[in-house]
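# A look at the structure
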Amino acid sequence: MRKLNGSYAIEVLNGRLNGSSDKVENNTSGYKNATFTKKIGGRSKISTPCQKMNIRKFMSAMSGTSQESRIKDGKQIKMLPDPFKNEIDDILGFMQAEKVIIEKEDYELLDENKKKLFSKSKNVYQANITKKRKARLQMNALVNVSTNKVKWEWNVASSTTDSMPYQQEVYSGVHTSIFNIDIDEIGKFTVSNLASEFRDYSEEEGLDVIDLTAEERYVRIDNVLNAIEHLSISSNQTNHLTDTKPKFVILADYSWGNNAFQGIFKENGVDIEMLRECIEQNEKYRVSNIYIGVNKFFDNKYNNIKQELEEEFKEYDFIKISNVKTAFENYKEELKINI
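This write-up is about the structure you can find in this document.

Calculation notes
- Residues numbered from 1 in each chain as written.
- Predicted model: local features only at pLDDT ≥ 70, side-chain atom pairs only at ≥ 80, totals over all residues.
- Heavy atoms only, no water.
- Buried < 20%, exposed > 50% of the residue type's maximum accessible area, 1.4 Å probe, protein only.
- Helix = DSSP H or I, 4+ residues; strand = E, 2+ residues; numbered from the N terminus.
- Pairing = 2+ DSSP bridges.
- Salt bridge = Lys/Arg side-chain N within 4 Å of Asp/Glu carboxyl O.
- Phe/Tyr/Trp six-rings, centres within 6.5 Å; stacked < 30°, edge-to-face > 60°.
- Lys NZ or Arg CZ within 6 Å of the ring centre and 35° of its normal.
- Axes fitted to C-alpha atoms, helices over the stretch in contact; angles between N-to-C directions.
- Parallel < 35°, antiparallel > 145°, perpendicular 65-115°, else oblique.
- Left-handed = near helix turned anticlockwise from the far one by under 90°.
- Contact = heavy atoms within 4.5 Å.
- Nonpolar A, V, L, I, M, F, W, Y, C, P; charged D, E, K, R; others polar.
- Core = buried A, V, L, I, M, F, W, Y, C linked by side-chain atoms within 4.5 Å.
- Polar contact = N/O pair within 3.5 Å; in protein donor to acceptor, adjacent residues only side chain to side chain.

### What to know about the pairing of strand 16 (residues 164-182)
- The element strand 16 is largely enclosed, with a buried count of 15 among its 19 residues.
- Direction of pairing for strand 3 (residues 34-37) relative to strand 16: parallel, over a ladder of two bridges. The partner of Thr-35 across the bridge, within strand 16, is Gln-168.
- With three bridges joining them, strand 13 (residues 137-139) and strand 16 adopt antiparallel strand pairing. Paired with Leu-137 across the two strands is Ile-181, which belongs to strand 16.
- As judged from the two bridges shared by strand 14 (residues 142-144) and strand 16, these two strands associate in the antiparallel manner.

See below:
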């Protein structure tokens, strides 16, 4: 097993990146014209689905990757996943719960192996053709580690008669998260007639499906890493445009365990003692160099992180400290050789 462990931080200046429904919020302001943002314990939060939606958009727009196919089936929209052809399905996974129903005369035409997949229900035969794939990219929500709380902002919407005041939630601060990428399983597919297990194709559908080559798998990993490096969370930025590219990142491959870098970014920067402990206690499972990238922050209290890390880990030749762009580039150079 080989998983890329990543930790990253973005800096938000007066933003509202992920809206929330007023039905799940407790509006104590007494004002009805209000819009909300996601939060946890009073801290602003950007959910995993919100981030993945924008990763999906980036991969589709910048790398020419098509979105998954969808068709109208009666009154439903049906997804037609194809992870062999479509890297978005490969990396982000899918769940397609479905069954097929055939008449007795069609059932009698099947060979004995295929008949085993069907069970009789009244005067027809049905088979479970569910397919599901684990996401090769796993992410956590981005959560504000700063002391800044979510605030109300007043605005006025003009009209041909009276103006309408309204208020909305906004926030600032550094938001951090972690992600894992299952390096070994990208570009590898399961063909099976066991619908109760994870599978990408039935045996009938997967006749021409083979695992991708190392070069093809690297291209897919490169595309998703580019999407994370240039993360653009556009869900709720109409009046609060925000640069959401990471200003801090750690990248390293491990052969076992949970993400090694969770919780290392604190209110005033990186908890270096905690980071050293994470690195030392997971050392026997490390299978790559550790790449740390730090860019300049707007908030000056974070702008000593790079120097502190360089001083703390100067004796470790496998810890490479640079800026965010170089950290991603150097990790991918090592991956391309060792994939």
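### Structural notes on the pattern of salt bridges
- For the coordinates displayed, the defined rule picks out 17 salt bridges.
- The shortest N-O distance in the salt bridge between Asp-90 and Arg-220 comes to 2.8 Å. Taken as a pair, Asp-90 in helix 2 (residues 87-92) and Arg-220 in helix 5 (residues 214-229) lie far apart in primary sequence, 130 residues in all.
- The class for Asp-90 is buried, based on a relative accessible area of 0%.
- Two residues, Glu-283 and Arg-286, come together in a salt bridge whose shortest N-O distance is 2.8 Å.
- Sharing partners across several salt bridges, the network here consists of Asp-90, Arg-133, Asp-200 and Arg-220.

### Things to note about the packing of aromatic side chains
- Overall, the coordinates contain 13 aromatic pairs when judged by the stated rule.
- Each ring, one from Phe-36 and one from Trp-152, has its centre 5.6 Å from the other, and the planes form 70°; the classification is edge-to-face. Taken together, the residues Phe-36 in strand 3 and Trp-152 in strand 15 (residues 151-157) connect sequence positions 116 residues apart.
- Taking the centre distance of 6.3 Å and the plane angle of 75° together, the rings of Tyr-291 and Tyr-331 count as edge-to-face. On the criterion of sequence distance, the pair formed by Tyr-291 in strand 20 (residues 290-294) and Tyr-331 in helix 8 (residues 324-338) is long-range, its members being 40 residues apart.
- Taking the relative accessible area as the measure of exposure, Tyr-331 reaches 1% and is therefore buried.
- One aromatic cluster in this structure is built from Phe-248, Phe-265, Phe-297 and Tyr-302.
- Across from the ring centre of Phe-198, 5.7 Å away, lies the NZ or CZ of Lys-132, which sits over that ring.

### Re the packing of helix 1 (residues 48-62) against helix 5
- Where helix 1 contacts helix 5, the axes come no closer than 9 Å and their chain directions differ by 120°. Here helix 1 is positioned oblique relative to helix 5, judged by the angle of their axes. Helix-helix and strand crossings are classified by hand; for helix 1 and helix 5 the assignment is right-handed. On helix 5, the residues touching Ile-55, Phe-58 and Met-59 of helix 1 are Asn-223, Val-224, Asn-226, Ala-227 and Ile-228.
- Here the residues of the contact of helix 1 with helix 5 sort into six nonpolar, two polar and no charged.

### Some words on the pairing of strand 5 (residues 43-46)
- The alternating pattern of strand 5 places Ser-44 and Ile-46 on a buried face, while none of Arg-43 and Lys-45, on the opposite face, is buried.
- As paired elements, strand 4 (residues 39-40) and strand 5 share two bridges and run antiparallel to each other. By the bridge assignment for strand 5, Ile-40 is matched with Arg-43.
- The turn joining strand 4 and strand 5, which pair antiparallel and follow one another in sequence, is formed by two residues; a positive phi near 60° is taken by Gly-41.

### Let's talk about the sheet that holds strand 10 (residues 119-121)
- Strand order in the open sheet made by the three strands is 9-11-10, with antiparallel pairing throughout. Every interior strand has two partners, whereas the edge strands, strand 9 (99-103) and strand 10, have only one. Averaged over all neighbouring strand pairs, the angle between strand axes comes to 35°, with direction disregarded.

### Here we look at the nonpolar core
- One finds Ile-55, Leu-137, Phe-179 and Ile-181 to be the most contacted residues of the largest nonpolar core, which totals 37 residues.
- At six residues, helix 5 tops the list of elements feeding residues into this core.
- Apart from the residues within four sequence positions on either side, Ile-181 is in contact with Arg-2, Lys-3, Leu-4, Arg-136, Leu-137, Ile-186, Val-224, Leu-225 and Ile-228.
- Ala-252, Ile-272, Ile-279 and Phe-318 belong to the second largest nonpolar core, which has 27 residues in total.

### Some remarks on the environment of Thr-35
- Its place among the elements puts Thr-35 in strand 3.
- Each C-alpha atom, one on Thr-35 and one on Trp-152, is 9.5 Å from the other, the two residues being 117 residues apart in sequence.
- Within polar-contact distance, the side chain of Thr-35 engages the side chain of Arg-16 at 3.3 Å.

### Some thoughts on the side chain of Asp-253
- Here Asp-253 is to be found in strand 17 (residues 248-254).
- The class of Asp-253 is buried, set by a relative accessible area of 0%.
- Residue contacts for Asp-253: discarding those within four places in its chain leaves Arg-2, Lys-3, Leu-4, Ile-183, Tyr-285, Arg-286, Val-287, Ser-288, Tyr-331 and Leu-335.

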